[in-house]
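So the chains spell out like this:
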Amino acid sequence: MPIHVVEKDVTDERGTLLAFLAGQRGGVRRALLGLTAEQAASVPSASEMSLHGLLKHVIQAETGWLQWAKGNAPKSFEEATEGWEQGWRPTEEETVEVLLARWDEAAAATERFIRSVDLESTFKLPPAPWFPQESSLSMRWLLLHLIEETARHAGHADIIRETIDGKTAFELVAQEQGEDA
């Protein structure tokens with residue numbers, strides 16, 4: 001992790017976990033700093049991921065998990081699968097700037113929701129082949145999973161960005177802060 005997450009209050013578990021989530025979101029966001037639309041859409045590695053598509057996916061993942069936690073699961077397995085596949089392909093209207101603004105809104109919604117629930121309260125997972133049948137998860141698990149998922153994709157973003165122009169996460173932190181790398 002190229003940034004240090006500051007724990008503002010050792011008694012505020014939610015605040016600390018939300019700060020870690022924000023730190024990982026920052027890694028994905030920084031990977032897009034200074035790129036052209038063509039660079040953000042490029043697929044420079046062996047994977048099929050572009051930074052633009054990855055951005056759309058992490059937003060969809062965060063908002064999707066939040067909907068599940070609120071009891072608003074997709075109507076069917078097919079609907080969920082189709083949505084997941086489309087979640088990697090930004091439309092023409094979904095520019096990087098539009099998606100970053102959408103992510104700001106999603107992040108604010110996640111924070112409001114997490115601050116409004118008991119971390120030990122649970123929600124049921126929708127039926128899917130990869131979930132245990134009739135299982136429930138805690139809101140704490142949800143928040144930790146969002147950190148895990150976003151961190152995994154922040155790592156992907158680091159590799160893709162470095163492949164595009166050689167910039168590392170540390171250089172991008174310096175660039176974001178207006179410092180010399």
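Residues numbered from 1 in each chain as written. Predicted model: local features only at pLDDT ≥ 70, side-chain atom pairs only at ≥ 80, totals over all residues. Heavy atoms only, no water.

Glancing now at the overall build of the protein chain. Looking only at helices and strands, one finds seven helices and two strands in the protein chain. The linear arrangement of helices and strands in the protein chain, starting from the amino end, is α-α-α-α-α-β-β-α-α. Taken over the C-alpha trace, the protein chain has a radius of gyration of 17 Å; the compact-globule value for 181 residues is 16 Å, and the two agree within 12%. If one aligns the C-alpha atoms of the protein chain with their principal axes, the spans along those axes are about 50 × 45 × 25 Å. Considering only contacts in the protein chain between residues 6 or more positions apart, those separated by 24 or more positions represent 70%. For the protein chain, the accessible area works out to roughly 10,300 Å², and carbon and sulfur atoms hold 53% of it. Between the mean site of the 17 positive side-chain charges and the mean site of the 30 negative ones, the protein chain shows a separation of 4 Å. (Helix = DSSP H or I, 4+ residues; strand = E, 2+ residues; numbered from the N terminus. Rg over C-alpha atoms; globule rule 2.2 N^0.38 Å. Contact = heavy atoms within 4.5 Å. Areas by Shrake-Rupley, 256 points an atom, 1.4 Å probe, with all protein chains shown as cover. Lys, Arg positive; Asp, Glu negative; His and termini not counted. Charge placed at Lys NZ, Arg CZ, Asp CG, Glu CD.)

In contact at an axis separation of 8 Å, helix 1 (residues 13–31) and helix 6 (residues 139–165) are set at 20° when each is read in the N-to-C sense. In terms of orientation, helix 1 and helix 6 fall into the roughly parallel class. Between helix 1 and helix 6 lies a crossing whose hand is left-handed. For the pair formed by helix 1 and helix 6, the contact residues are Glu 13, Arg 14, Leu 17, Leu 18, Phe 20, Leu 21, Gln 24, Arg 25, Gly 27, Val 28, Arg 30 and Ala 31 on the first element and Arg 140, Leu 143, Leu 144, Leu 146, Ile 147, Thr 150, Ala 151, His 153, Ala 154, Ala 157 and Arg 161 on the second. (Axes fitted to C-alpha atoms, helices over the stretch in contact; angles between N-to-C directions. Parallel < 35°, antiparallel > 145°, perpendicular 65-115°, else oblique. Left-handed = near helix turned anticlockwise from the far one by under 90°.)

This brings us to the confidence of the model for the protein chain. In low-pLDDT segments, the atomic positions of the prediction should not be examined closely. In the predicted model, the protein chain carries a mean pLDDT of 91, and the fraction of residues at 70 or more is 93%. In the model of the protein chain, helix 4 (residues 77–86) stands out as the element of lowest mean pLDDT, 71, in contrast to helix 5 (residues 96–116), which has the highest, 98. (pLDDT = per-residue confidence, 0-100.)

Turning our eyes to something else, we now look at the pattern of salt bridges. Counted under the stated rule, the structure contains 10 salt bridges. Among the salt bridges present, the one from Glu 176 reaches Arg 30, with a minimum N-O distance of 3.2 Å. Of this pair, Glu 176 sits in helix 7 (residues 169–176) while Arg 30 sits in helix 1, and the two are 146 residues apart along the sequence. Taking the relative accessible area as the measure of exposure, Arg 30 reaches 7% and is therefore buried. One network of salt bridges, with partners in common, ties together Asp 12, Glu 111 and Arg 115. (Salt bridge = Lys/Arg side-chain N within 4 Å of Asp/Glu carboxyl O. Buried < 20%, exposed > 50% of the residue type's maximum accessible area, 1.4 Å probe, protein only.)

Summed over all chains, the structure comprises one cavity of 30 Å³ or more. Of the volumes computed, that of the largest cavity is approximately 30 Å³. Around the largest cavity sit Val 58, Ala 61, Glu 62, Trp 65, Leu 146, Glu 149 and Thr 150, which together line it. When contributions to the lining of the largest cavity are tallied by element, the ones reaching two or more residues are helix 3 (51–69) and helix 6. In terms of residue count, helix 3 provides more of the lining of the largest cavity than any other element does, four residues in total. Residue classes in the lining of the largest cavity are distributed as four nonpolar, one polar and two charged. (1 Å grid on protein atoms, 1.4 Å probe; cavity = no way out; pocket = protein on both sides within 12 Å on 5 of 7 lines; lining within 4 Å. Points joined across faces, edges and corners; volume = space filled by probe spheres on them. Nonpolar A, V, L, I, M, F, W, Y, C, P; charged D, E, K, R; others polar.)

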